Amino acid sequence: MELNLPDFIRLLIQLCLAVAGASAFWGFVLTRRAKNDPDHKSEYEKIIELVGKISAFSSVLFLLFWFLASNFIFPAVSLAHEGIKIAPTNEYIRAGFLASTFFVFLFSILVLISIKYLFFNKARFQKLAPKFFLIQFLLVAIIISLQVLKPSFDKEQLFFIFHNFHSIFTLAIVVLIDILYLTTFKNNSLKPIVYNLFPWMSIGIWIGLGLDFASVFLILPGALVLNSQFFLSQTVVAIIILNGTLLSSRVNDYLIDSLKPVETRKFKTSFEQVFHWSGSISIVSWLTIYSVDFFKFNASFPVLFFSYIAFIFLARAVYEVINRKFLKLEPLSEPLGLN
Amino acid sequence: MAVITGIKYFKQMKILGFKLKLSEVFFLLSGLAMLISLPWISGSGFNLWLFAKFAYFTGIVFFIADVIYNNKHQ
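Residues numbered from 1 in each chain as written. Chains lettered and ligands numbered in written order. Predicted model: local features only at pLDDT ≥ 70, side-chain atom pairs only at ≥ 80, totals over all residues.

Considering the overall build of chain B
Scanning chain B from N- to C-terminus turns up three helices and two strands. Start at the N end of chain B and walk to the C end: the helices and strands fall as α-β-β-α-α. Relative to its full complement of 74 residues, chain B shows a buried share of 30%. The long-range share in chain B, meaning contacts at least 24 apart out of those at least 6 apart in sequence, stands at 52%. (Helix = DSSP H or I, 4+ residues; strand = E, 2+ residues; numbered from the N terminus. Buried ≥ 20, exposed ≤ 12 C-beta atoms within 10 Å, placed from the backbone. Contact = placed C-beta atoms within 7 Å.)

Quick word on the overall build of chain A
Tallying secondary structure elements over chain A gives 10 helices and zero strands in all. Along chain A, helices and strands appear, N-terminal first, in the series α-α-α-α-α-α-α-α-α-α. Counting only contacts in chain A whose residues sit at least 6 apart along the sequence, the fraction spanning at least 24 positions is 86%.

Focus on helix α7 (residues 191-217) of chain A
Counted at 1.5 Å a residue, the expected span for α7 of chain A with its 27 residues is 39 Å, and the 40 Å between its end C-alpha atoms agrees. The largest bend in α7 of chain A is about 35 degrees, located at P199 of chain A. (Expected span 1.5 Å × (residues − 1). Bend = angle between axes of the 7 residues up to and from the residue.)

Topic: the confidence of the model for chain A
Within chain A, residue pLDDT values average 85, and 89% of them lie at 70 or more. Across chain A, the secondary-structure element scoring lowest on mean pLDDT is helix α9 (residues 271-294) of chain A, at 86, and the one scoring highest is helix α4 (residues 122-145) of chain A, at 94. (pLDDT = per-residue confidence, 0-100.)

Regarding the nonpolar core
Residues and elements named next belong to chain A. Core analysis: the biggest nonpolar cluster contains 96 residues, and V19 and L176 have the highest contact counts within it. Looking at which element gives the most residues to this core, the answer is helix α1 (residues 5-35), with 15 residues. Sequence-distant contacts of L176, that is, excluding residues within four places in its chain, are made with V19, A22, S23, W26 and I54. (Core = buried A, V, L, I, M, F, W, Y, C linked by C-beta atoms within 7 Å.)

Quick notes on the packing of helix α6 (residues 171-184) of chain A against α9 of chain A
Residues and elements named next belong to chain A. Contact geometry of α6 with α9 gives a least axis separation of 10 Å together with a crossing angle of 150 degrees. Crossing of α6 over α9 shows left-handed handedness. Listed contacts from α9 to L171, V174 and D178 of α6 are S282, I283, W286 and Y290. (Axes fitted to C-alpha atoms, helices over the stretch in contact; angles between N-to-C directions. Left-handed = near helix turned anticlockwise from the far one by under 90°.)

Let's talk about the environment of D253 of chain A
Residues and elements named next belong to chain A. With respect to the secondary-structure elements, D253 resides in helix α8 (residues 228-257). On the neighbour-count criterion, D253 (15 C-beta atoms within 10 Å) is partly exposed. With 151 residues separating them along the chain, D253 and F102 place their C-alpha atoms 44 Å apart.

Here's the deal with the interface of chain B and chain A
On the chain A side, the residues contacting the 19 residues of chain B number 19 residues. Class assignment of the residues belonging to the side of chain B that touches chain A gives a composition of 12 nonpolar, four polar and three charged. (Nonpolar A, V, L, I, M, F, W, Y, C, P; charged D, E, K, R; others polar.)

Quick look at the packing of α1 of chain A against helix α2 (residues 41-72) of chain A
Residues and elements named next belong to chain A. Running from amino to carboxyl end, α1 crosses α2 at an angle of 155 degrees, the nearest separation of the two axes being 8 Å. When the axes of α1 and α2 are compared, the pair comes out roughly antiparallel. Of the two possible hands of crossing, α1 and α2 adopt the one that is left-handed. For the contact of α1 with α2, a count of residues per class yields 22 nonpolar, seven polar and three charged. (Parallel < 35°, antiparallel > 145°, perpendicular 65-115°, else oblique.)

A few points about the environment of V318 of chain A
On the secondary structure map, V318 of chain A appears in helix α10 (residues 301-326). Between the C-alpha atom of V318 of chain A and that of L68 of chain A, which follows or precedes it by 250 residues, the distance is 31 Å.

Here is the structure:
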């Protein structure tokens, strides 16, 4: 495996920027939903504040890594998702950094203002939250689309735009769902709001992956390189779809069902195991295809695939520890809901 | 609208003893087709790989319709 610092920093830039974009997008959606549901204003405000903090944290990390990469680190070579190879030259990456400088400057001002209100004037933050989130999402969309810039606008440029943009709706939403799930797990007043948002977030993930599929058609067939990296990515994408089928319908139904007392639930408690495995497969799969995007793996397909499986077991073990240590709940005596 | 009406009537199909939603049928088809196509991707498997992508997009349409339908009828 070829692992170097520039590749790693670019992966972190992509991850932090995408999470900032996803939290801004879903923060904006939450502000709209809060407006239509004044009875649960305080619950929505708590979740909006939480999403604002996730957004601020990922934005600050992005700015740090972006400053480091654009000033001190020579841009690295990148591969596309799914192992379909199209490598932007360092010139294109450098041009991308240059073109996004102005927008990163605007973004940093917005982040500073929103952090000021988020931590020192919460009432004002809640009032301005829709504007903050909307402007932040638009700026992230521009910055992430400009990560690779060619001198001419052609199919390849369009591929790079889609390819970078879709991470706001794929890996970033998966990360956001995990954070929201873990942070609201013990809060019965926030869970109904968060769990009812998950099916909509699943739509975002499906559309995000669809954007990447669509972008691949722009560069076929010339970019197909049938190496072990390609076969790993394709297998993992197929697993993401199969696992996502379970996660986006049955698991979402299970979570909404878990808001009821045990005796009135449709799902058996044993389904919790399916949910935990499914969640572990999801996060490891997305991190795998993003790693394939930035790093070169020279090992054979069986070695790569068994490493991927080993990481799923590791993620499941970590989650089990978190579950046993922090996430034990008292049984519900009455249903939790928005109505 | 037509898709939502379709969802109403074909909300769940029974295949091999499993009750499946239309979106699930297409997503499962897509994932399985992608896996099966891989050993032959450089030849005849490529068309199956393309079919997997189109099944995927059809799955998205039904999934969106399903979420909208559930949201309205909860």
